[in-house]
Amino acid sequence: AGPTSDRSVAVIGLGRFGQSLALELMDEGAEVLGIDAREDIVQSLNGRLTHVVHADATDEAVLRQLSIPEFDRVVIAIGSDIQASILVTSLLLRFDIRKIWAKAVSDPHGLILEQLGIQHVIYPEKDMGRRVAHIVLGTMQDFI
Ligand code: ATP
């Protein structure tokens, strides 16, 4: 399931945020490898992503088997399990992946991800709250 083009993205964690992201990437024509530890989630996305795999992403051997080190773009969409988020982040940084985005559930979580070396930390609720403020004020066009 390795990347076949520079439009390939791996999404690790397919909760509400990861799923929405992965499906939008598919709509935009990207090739998406989705990984989640929950069998039911993987089954529900089967056939809707280019590849979807049931696996524990904190396991380095698993990530290597899935050719994750060869991806240019990876999104870590694990949030509330901060330990898993940090373990996966640390592995991906060692793989030297060019672009990594990681979801944070709190400011301290985001700070840890930044300290580890993640340049693009996403705070879904916080970012969406700011965005909605501009929608409410009708100033969205300045904000996108
Ligand atoms: P969301 O708000 O996006 O729904 P959440 O906070 O409910 O996310 P998270 O803990 O952020 O849930 O996890 C998102 C997804 O990541 C879940 O579907 C979970 O099964 C998956 N996940 C958690 N740990 C791992 C892991 N070690 N390997 C693979 N997937 C994992």
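Cut-offs used in this document
Each residue is numbered by its place in its chain's sequence as written, counting from 1. Restriction of local features to residues with pLDDT of at least 70 applies here, the model being predicted, together with a cutoff of 80 or more for giving and counting side-chain atom pairs; totals for whole chains, interfaces and linings are based on all residues. The basis for the side-chain values is all heavy atoms of the structure; hydrogens and waters are excluded. Every residue gets a pLDDT, meaning the predictor's confidence in that residue, from 0 to 100. Near residues are defined by distance, with any heavy atom within 4 Å of the molecule or strand qualifying the residue. Polar contact is defined as a pair of N or O atoms within 3.5 Å, subject to the rule that within protein one atom must be able to donate a hydrogen and the other to accept it, and that residues adjacent in sequence are counted only when both atoms are side-chain atoms. Here the open area of atoms and residues is found with the Shrake-Rupley method and a 1.4 Å probe, where only the protein chains shown may cover a residue. In this analysis the probe radius is 1.4 Å and the grid spacing 1 Å, with only protein atoms considered; a cavity is a set of points the probe fits into but cannot get out of, a pocket is an open set with protein on both sides within 12 Å along at least five of seven lines, and lining residues have an atom within 4 Å of a point. Whether a molecule lies in a cavity or pocket depends on its atoms, and more than half of them have to be within 2 Å of the grid points. Throughout, the ten residues Ala, Val, Leu, Ile, Met, Phe, Trp, Tyr, Cys and Pro are labelled nonpolar, Asp, Glu, Lys and Arg are labelled charged, and all others, Gly among them, are labelled polar. Pairs were defined over the aromatic rings of Phe, Tyr and Trp, the Trp ring being its six-membered one, requiring ring centres within 6.5 Å. Orientation was assigned from the angle between planes: stacked under 30 degrees, edge-to-face over 60, tilted for the rest. Lysine and arginine charges are scored as sitting over a ring when NZ or CZ, respectively, is within 6 Å of the ring centre and within 35 degrees of the ring normal. By the criteria applied, helices consist of DSSP H or I runs no shorter than four residues and strands consist of E runs no shorter than two, each listed in order from the N terminus. Multiplying one less than the number of residues by 1.5 Å gives the expected span of a helix. One side-chain nitrogen of Lys or Arg within 4 Å of one carboxyl oxygen of Asp or Glu is enough to make a salt bridge. The buried label goes to any residue with under 20% of its type's maximum accessible area, the exposed label to any with over 50%, and the partly exposed label to all in between, with areas taken from a 1.4 Å probe on protein chains only.

Caption draft 1: Broad picture of the confidence of the model for the protein chain. Across the protein chain, pLDDT averages 94, with 97% of residues at or above 70. Both confidence scores are given for the complex: pTM 0.93, ipTM 0.94.

Caption draft 2: Quick peek at the site of the ligand. In the vicinity of the ligand lie 20 residues, with Arg 16, Phe 17, Asp 36, Gly 79 and Ser 80 positioned nearest. Between the ligand and the protein, one listed contact pairs an oxygen atom with a side-chain N or O atom of Asp 36 at 2.7 Å. In the model, a nitrogen atom of the ligand is placed 3.1 Å from a nitrogen or oxygen of the Ala 37 main chain. Computed on the free molecule, the ligand has an accessible area of 630 Å², of which 82% lies beneath the protein chains in the complex. Assessed atom by atom at 2 Å from the grid points, the ligand resides in the largest pocket. Tallied by class, the residues present in the shell around the ligand amount to nine nonpolar, five polar and six charged.

Caption draft 3: View of the packing of aromatic side chains. As enumerated under the stated definition, the model contains zero aromatic pairs in all. Across the ring face of Tyr 123, the terminal group of Lys 126 is positioned such that the distance to the ring centre comes to 4.8 Å.

Caption draft 4: Quick peek at helix 1 (residues 16–27). The end-to-end C-alpha separation of helix 1 is 17 Å, in line with the 16 Å expected for 12 residues at 1.5 Å each. Where helix 1 terminates, the next one or two residues include Gly 29, which has phi positive at roughly 90°.

Caption draft 5: Structural view of the pattern of salt bridges. What the rule picks out here adds up to four salt bridges. For Asp 40, the salt bridge goes to Arg 38, with nearest N and O atoms at 2.8 Å. Given the relative accessible area of 44%, Asp 40 is considered partly exposed. Notably, a salt bridge pairs Asp 107 with Lys 126, separated by 2.9 Å at the nearest N-O pair. Placement of the pair is Asp 107 in helix 5 (residues 107–116) and Lys 126 in helix 6 (residues 124–137), with a sequence separation of 19 residues. For Asp 107, a relative accessible area of 45% translates into the label partly exposed. For Lys 126, a relative accessible area of 48% corresponds to the partly exposed category.

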